[in-house]
Every structure is written in structure tokens, then in C-alpha cells.
Amino acid sequence: MSRIGKMPIVIPPGVDVKLEDGNKLTVKGPKGTLERKLATEMEITVENGEITVKRPNDLKRMRSLHGLTRTLASNMVIGVNDGYQKTLEIVGTGWRAAKAGKTLTLTLGYSHPVVMEDPDGVESVVEGNNRIHVSGIDKEKVGQYAANIRAKRPPEPYKGKGVKYSTERIRRKAGKSGKK
């Protein structure tokens, strides 16, 4: 049995969960509404303030879908109740970020500034001029937008310059050694 899949998801107060035909799950909470069509093979039940996911048999595909379906539903419940946030740091002399409306402008040592638009349901906030907070209710969208920002200039191992997650540790390498 899947250790993750068999755990029930407790629905916090203020969150409304609705299950429709074809395993379409709609979750409404204080931060917004999320909707997702989950695997039709799984048996999802919403009762007594809990969501439970059961698999029909022990085929490899069903075992892998079991934990995934439970995790996706759990992420929806957490997202509409608490939300998700990722923090990025820009390391480099003269490198900075600026925000105007929904437009994020990054100066990352290229000949031109990198301009990015916040996607729907995701908001970015610039703190100082080298910290970016990406937040929203959909874990997948928040993570993808943060990864897109980081991909504009990933951190390099020699000087540690680049855009990195605040929790990320850069493995440093030694530079060239002098002549012998």
C-alpha cells in the first residue's frame, strides 16, 4: 500500500471541496478556487471533513497514480487555505530586479534587461533590489514561474553569481591555479 496515498487529507475549516463526475475536484478557500481533473481510475471520496483516495488494484500504473492523486488533491487544499511561496535571490554586482505592475524586469549582466510577465494566479514581489518573492495558490504554477526566473541566469560555481533559490546552496569550485 502506498504510504502517501493511504493517508486521508483533512479539510480545514473555511475550505469547501466538491467532487464531480470524472473525478473533477473543485476546492474553494479563503485565497481562491482551484479546479483539477484527477485520474479517473482512482476512487476519491469526500466525507466527514476528509478526502480519501483508494486504488482499484495493484497494477504498477495504479500504484504510481495512487500517491500522485492524493498529493495533487492535498496541494490544492493547502494552496487555497495557505498559499505557496518561493523566494529567489540575485547575486552579482549591479544585478537587480524591478517590478512595475505585472511586469518583472531583471538586469542580469546581459546587453538588455530581461522582461517577464506574471502569469495568471501568480504574483511576484521585489524586496530591496535583489530578492524576489513568487507566491500564489497553485503550487505547480508558483514553482514553474520561479524556475523560469532562475533559468534566465542560473548560479555558476566559481563566483556564485546568478539567480538562486534562497534555500539553495551553491557548490563552489576552485578557480584556475597559477603557473608552476
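Worth saying up front: this structure is predicted, and the values here are computed from it rather than measured.

Turning next to the sheet that holds strand β4 (residues 32–37). Ordered in space as β2-β3-β4, the 3 strands form an open sheet in which the pairing is antiparallel. Strand pairing shows two members of the sheet lacking a second neighbour, β2 (16–20) and β4, which therefore form its edges. Neighbour-to-neighbour, the strand axes of the sheet open up by a mean angle of 15°, direction not taken into account. Taken together, the 5 bridges between β2 and strand β3 (residues 24–29) define a ladder with antiparallel strand orientation. Note that in β3 the partner of L19 across the bridge is L25.

With that settled, consider the pattern of salt bridges. Taken as a whole and assessed by the stated rule, the structure comprises 9 salt bridges. With its nearest N and O atoms 3.2 Å apart, the salt bridge here joins E41 to R61. With E41 in the loop between β4 and β5 (43–47) and R61 in helix α1 (residues 60–81), this residue pair connects regions lying 20 residues apart in the sequence. On the accessibility criterion, E41 (29% relative accessible area) is partly exposed. Through salt bridges that share partners, E89, E127, R131 and K164 make up one connected network.

Ranked by internal contacts, the top residues of the largest apolar core, which has 20 residues, are V17, L25, V27, M42 and I51. Only β3, β6 (50–54) and α1 provide two or more residues apiece to this core. Considering each element in turn, this core owes the most residues, 6 residues, to α1. Look past the residues within four positions of V27 in its chain and what remains in contact with it is V15, D16, V17, G32, T33, L34, M76, V77 and V80.

Rules used in this analysis
Residues numbered from 1 in each chain as written. Predicted model: local features only at pLDDT ≥ 70, side-chain atom pairs only at ≥ 80, totals over all residues. Heavy atoms only, no water. Pairing = 2+ DSSP bridges. Helix = DSSP H or I, 4+ residues; strand = E, 2+ residues; numbered from the N terminus. Axes fitted to C-alpha atoms, helices over the stretch in contact; angles between N-to-C directions. Salt bridge = Lys/Arg side-chain N within 4 Å of Asp/Glu carboxyl O. Buried < 20%, exposed > 50% of the residue type's maximum accessible area, 1.4 Å probe, protein only. Core = buried A, V, L, I, M, F, W, Y, C linked by side-chain atoms within 4.5 Å. Contact = heavy atoms within 4.5 Å.

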